[in-house]
Number of protein chains: 2
Amino acid sequence: MSDRNCLIKNAIVNGKKQDLLIENNIIKKIGNIDDAIDKEETKVIDGNNKIVIPGLINTHTHIPMTLFRGVADDLPLMDWLNNYIWPMEAKLNADIVYAGTLLGCLEMIKSGTTTFNDMYFFLDGIVKAVDEMGMRAVLSYGMIDLFDGEKRKKELKNAEENIKMIKKLNNERIGVALGPHAPYTCSKELLMEVHEMAKKYNIPIHIHMNETLDEIKMVKEKTGMRPFEYLNSFGFFDGVSVIAAHCVHLSDEEIKIIKEKKINVSHNPISNLKLASGIAPIPKLVENGINVTLGTDGCGSNNNLNLFEEIKISSLIHKGATLNPTIINTKQSFEFATKNGAKALDLKCGELKEGYLADIALIDLNKPFLIPKENIYSHLVYSFNGNVDTVIIDGNVVMENGKMLNVNEEKIYEKAEKAYYKLIN
Amino acid sequence: MSDRNCLIKNAIVNGKKQDLLIENNIIKKIGNIDDAIDKEETKVIDGNNKIVIPGLINTHTHIPMTLFRGVADDLPLMDWLNNYIWPMEAKLNADIVYAGTLLGCLEMIKSGTTTFNDMYFFLDGIVKAVDEMGMRAVLSYGMIDLFDGEKRKKELKNAEENIKMIKKLNNERIGVALGPHAPYTCSKELLMEVHEMAKKYNIPIHIHMNETLDEIKMVKEKTGMRPFEYLNSFGFFDGVSVIAAHCVHLSDEEIKIIKEKKINVSHNPISNLKLASGIAPIPKLVENGINVTLGTDGCGSNNNLNLFEEIKISSLIHKGATLNPTIINTKQSFEFATKNGAKALDLKCGELKEGYLADIALIDLNKPFLIPKENIYSHLVYSFNGNVDTVIIDGNVVMENGKMLNVNEEKIYEKAEKAYYKLIN
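Along each chain, the written sequence defines residue order, and numbers are assigned to residues from 1. Chain letters and ligand numbers both follow the written order, the letters beginning at A and the numbers at 1. The model is predicted, so local features are restricted to residues of pLDDT at least 70 and side-chain atom pairs to those at 80 or more, both for listing and for counting; the totals for chains, interfaces and linings are taken over all residues. For side-chain calculations, the full set of non-hydrogen atoms in the structure is used, while hydrogens and water are omitted.

Moving on, we come to the nonpolar core. Residue types Ala, Val, Leu, Ile, Met, Phe, Trp, Tyr and Cys, when buried and joined through side-chain atoms within 4.5 Å, form a set referred to as a nonpolar core. Whether a residue is buried, partly exposed or exposed follows from its accessible area with a 1.4 Å probe, protein chains only, as a fraction of its type maximum: under 20%, in between, or over 50%, in that order. If you look at the biggest cluster of nonpolar residues, it comprises 236 residues, and the most contacted ones within it are L178 and F228 of chain A together with L178 and F228 of chain B. Here, residues are in contact when the closest pair of their heavy atoms is within 4.5 Å. In this view, L178 of chain A contacts S140, M143, A159, I163, V194, M197, A198, I203, P204, I205 and H206 of chain A; residues no more than four positions away in its chain are not counted.

Here it is in structure tokens:
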């Protein structure tokens, strides 16, 4: 929590020019706020020519993979995994993961993201970096047992230790989830124990679902059911909160399950295009009232963490794929990245409302691609490049006018470069 | 032409750290260049931590429409045209077009584009702005006769006057082309006269082709042929250089014509998605050795002029649409926006080579999304946000370290805003 209050004067907030007051980590008031506020105790930010937006929420990342940016593009999935990603992942340790997370957090803050939902390994390294960078995150340890009983025990033990480690921190910005990788890499026994553990600790489950046609085929061959039907058959979705990443290929029956079980979908359009997984049926999910959120996935398959690109693509791709120019309008795709993300992670943020968490970004409107300065919410979706000016997370100003306040950017680049060379050599 | 020479020291040029010397408007030398060069006569730019790229070439724009950014999104095409675009276009004049072109040029320069191929009206306004901004452009007057003989005469007269006006300028940076709008809006007689005029003046033709299924149906009903077959039936493509924008829906027979007649294709993936026109069969065109280039289209349907977004999308969308992750690799999509664009416009630029035009951009690599600083050419395609640092066009430094050198940015914003309010009121 911030030790100072913060007043943003004369910015565009919720469509009109007004002020926004932050007290501790909460948006205290929005409106015309008297200058009589104690200036000693209050940091004042000039909001002229700026718009305030809720900080973006990235609901599917593998943040340390920011180090993997550009190492392998335009390859078939198995070639990409076997010859590039897995050999590099075998060399990971907590220090490398720490360096990659610093870089990833820096990139997210600079592009207006204040919260991310992650699945990876070496969570001690991730926790350390997230805390230093001042970001908000929900972290899960990624479990894969490949149907091996010994591995399963190890993975579940690891997961539970990580839950305890994070709970013990008692850091309001850092939450924990369970991360069983996917139905084609995790045994039924593991998934059932995950479900119990999620209920026991009252935490969400973050899982990859229906990303590729191949994996769906594998599950169908093994179980006779499609992935959502299979998980539903043993109550995996009952009484817990689930964030299902990808959901590219879905049957009508599966969409019904997602709707009924109130499963949150993390749409990752750029990763799904780059890995040639396909185009998710987002308009159908929206029609069914399903909570759609946005994720970048890891930098191995994107190759950045700029959630504004996902916003634009999610408003474009479904128009092109269905030949209907009216679907997924700017309000919807912007809400995918804000309000809906907050709902999925059960956080009181993602909207500029009194009483909500002070997770916000300010954008300078004096940019050629934001002129004319009307229809700004359209510009944010279809024209903005993601380069935000000021970011406040949990009431703390972490970046002001493009400059990070509490960390040295150059040192983060150096650490990331060093870690990268350890991975590839 | 520049009155000073320019030496870029220690930048990444064509994959290795070296220097690049510009003499007048030409890249004179690339390599390790002696510091003994006369410093009085030579501007030295520090290229450390920077990469030099050829300036991007946008082969399909309607640049004054930059003023139309965000006025109408997510609408059916005819609603968009009838109720928003056409009423605004009816209020255009040379002053408004001048203001919109200033804004468009500013946006292009800031995102690394040095040349654009435009089709619009009030070319005197466009010429004035392009000249002031120091950009390179090929301009065409957009002709539509809607099969009316009187209109046809007027349009052809207008086109020829514009050709003469631009030829008379004798400005090496400003070329001229003929811009018959499309086969569904122009009569056969107009198209035949355009063809004659293109040969007479030895200038290229810039035309919209096969953007939507509806227009193809219209041409087929009228002529019994698909658009490329129809134009080919009266020799429209013979002995002239043609840039065909969009080409979203093509039969195999039409691809054969494009290949045989060496027609240049301007791929506009974002506009085609936003207006729900569809996804062009670019992998097939590339397989056939056809020259594919990139365009943003106007800001009414994009909504920006950042060609780096087209590069990324063109490397993504065809993978997703065909479920093949290996097609349209980073080298290909980057060449669409550089080398291939230059070829289409018959310009000696688009590559960093001695003897080529000095149209280049420098990018600062100290950005989180460009770290690790390896595989930089991948980062330019898949991760860069388009925000370049320094731009040189025709040997002149027009922007240095993010600051425009010869124009006042704030004044351009003001002019654009004023012009915008004239359009909507």
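Turning our eyes to something else, we now look at the UniProt feature "binding site: substrate" (unreviewed entry) in chain A. Residue and element names in this part refer to chain A. UniProt positions are given in the numbering used here, feature names are shortened, and annotations may be inferred rather than shown by experiment. Here, the residues flagged by UniProt with the feature "binding site: substrate" (unreviewed entry) are E89, H181, E211 and D297. Tracing the backbone through its elements, the reader meets H181 in the loop between β9 (174-180) and α5 (188-201). Relative accessible area serves as the criterion here: at 18%, H181 is assigned to the buried category. If near-sequence neighbours (up to four positions away) are discounted, H181 is found in contact with M119, M143, I144, C186, I207 and H208. A distance of 2.8 Å separates a polar atom in the side chain of H181 from a polar atom in the side chain of T185. Turning to its location among the elements, E211 is positioned in the loop between β10 (205-209) and α6 (213-223). By the criteria applied, helices consist of DSSP H or I runs no shorter than four residues and strands consist of E runs no shorter than two, each listed in order from the N terminus. Whenever a nitrogen or oxygen atom comes within 3.5 Å of another N or O atom, the pair is scored as a polar contact, on the condition that within protein one atom can donate a hydrogen and the other can accept it, and that pairs from neighbouring residues in sequence are kept only if both atoms are in side chains.

Here we take up the relation of the copies chain A and chain B. For the least-squares superposition of copies, only C-alpha atoms count, and only for residues with pLDDT at least 70 in both. The two copies are related by a screw motion: chain A maps onto chain B through a turn of 180° and a shift of 0.0 Å along the axis, at an RMSD of 0.0 Å. On the angle and the small slide along the axis, the relation comes out as a two-fold axis. Among all residues of chain A, the one whose C-alpha sits closest to the rotation axis is N385 of chain A, at a distance of 3.0 Å.

Attention now goes to the packing of aromatic side chains. Two rings from Phe, Tyr or Trp (for Trp, the six-membered ring) form a pair when their centres sit within 6.5 Å of each other. Planes less than 30 degrees apart are called stacked, planes more than 60 degrees apart edge-to-face, and all others tilted. Inspection of the entire model under this criterion finds 18 aromatic pairs over all chains. Their ring planes at 90° and their centres at 4.8 Å tell us that F308 of chain B and F384 of chain B sit as a pair that is edge-to-face. Pair noted here: F308 of chain B is in helix α11 (residues 307-322) and F384 of chain B is in the loop between α14 (376-382) and β15 (390-393), with a separation of 76 residues, a long-range link. In this structure, F308 of chain B and F384 of chain B share a single accessibility class: buried. Each member of the aromatic cluster is reached from another via a ring pair, and the members are F228, Y230, F234, F236 and F237 of chain A. A cation sits over an aromatic face here: K222 of chain A above F147 of chain A, 3.7 Å from the ring centre. Comment: the charge-over-ring label is applied if NZ (Lys) or CZ (Arg) is within 6 Å of the ring centre and within 35 degrees of the ring normal. Against the face of Y382 of chain B rests K274 of chain A, its NZ or CZ located 4.5 Å from the ring centre.

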